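What follows is the residue order along each chain.
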Amino acid sequence: MSLGIIGIDHVQIAVPEALEAECLAFYREVFGFPEIPKPEELREWGGAWFQVGALQMHIGVDPEPSPKSKRHICFLVDDLAAAKAKVLARGVAIEEENVAEGLSRFFIRDPAGNRIEIGMRG
């Protein structure tokens, strides 16, 4: 039985309240995502919303940190070497690097420990 889902509108990750400013700076500076205004009724909860191509990425704030996990979001790029160089130039450590199912990729973590995959097909 299908629910009739036709796509993904946005993804949300969470960062701990104590690291909110550091994590938001990470997404603004390392990724350079354009920030979009949150609706007025949601601003009191903190965090930020970013436009990532046709999708949105929402950063929510939790009172406590989450445990380290393999769950992640994957961002596709056109030039993996250039993306890797920019990440390294910002002082972000590469956690893992490999190729799987035709996707060349590397993994990093934001200051809250959220895992991020950056990959390129082909």
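Residues numbered from 1 in each chain as written. Predicted model: local features only at pLDDT ≥ 70, side-chain atom pairs only at ≥ 80, totals over all residues. Heavy atoms only, no water.

Side note on the nonpolar core
Counting 23 residues, the largest nonpolar core has Y27, F31, I59, I108, I116 and I118 as its most contacted members. Only β1 (10–16), α1 (20–31), β3 (48–52), β4 (55–62), β5 (72–76), α2 (80–89), β7 (103–109) and β8 (115–121) provide two or more residues apiece to this core. Beyond its immediate sequence surroundings of up to four residues, I118 is in contact with F31, F75, V77, L80, A83, V87, S104, R105, F106 and I108. (Core = buried A, V, L, I, M, F, W, Y, C linked by side-chain atoms within 4.5 Å. Buried < 20%, exposed > 50% of the residue type's maximum accessible area, 1.4 Å probe, protein only. Helix = DSSP H or I, 4+ residues; strand = E, 2+ residues; numbered from the N terminus. Contact = heavy atoms within 4.5 Å.)

Quick word on the pattern of salt bridges
Evaluation of the coordinates by the stated rule reveals seven salt bridges. Among the salt bridges present, the one from R43 reaches E40, with a minimum N-O distance of 2.7 Å. Taking the relative accessible area as the measure of exposure, R43 reaches 43% and is therefore partly exposed. The residue E96 makes a salt bridge to R115 at a minimum N-O spacing of 2.6 Å. (Salt bridge = Lys/Arg side-chain N within 4 Å of Asp/Glu carboxyl O.)

Some remarks on the pairing of strand β6 (residues 96–100)
As paired strands, β6 and β7 are joined by five bridges and run antiparallel to one another. Bridge pairing in β7 links E97 to F106. Taking the residues that link successive antiparallel strands as the turn, the β6-β7 hairpin has two residues, and the phi of E101 there is positive, at about 50°. (Pairing = 2+ DSSP bridges.)

A closer look at the environment of I13
Its location among the elements puts I13 in strand β1. Among the residues examined, I13 registers a relative accessible area of 16% and is labelled buried. When near neighbours in sequence (up to four residues on either side) are disregarded, I13 contacts Y27, M57, H58, I59, G60, D110 and N114.

Purely geometric stuff here, so don't read any function into it on its own.
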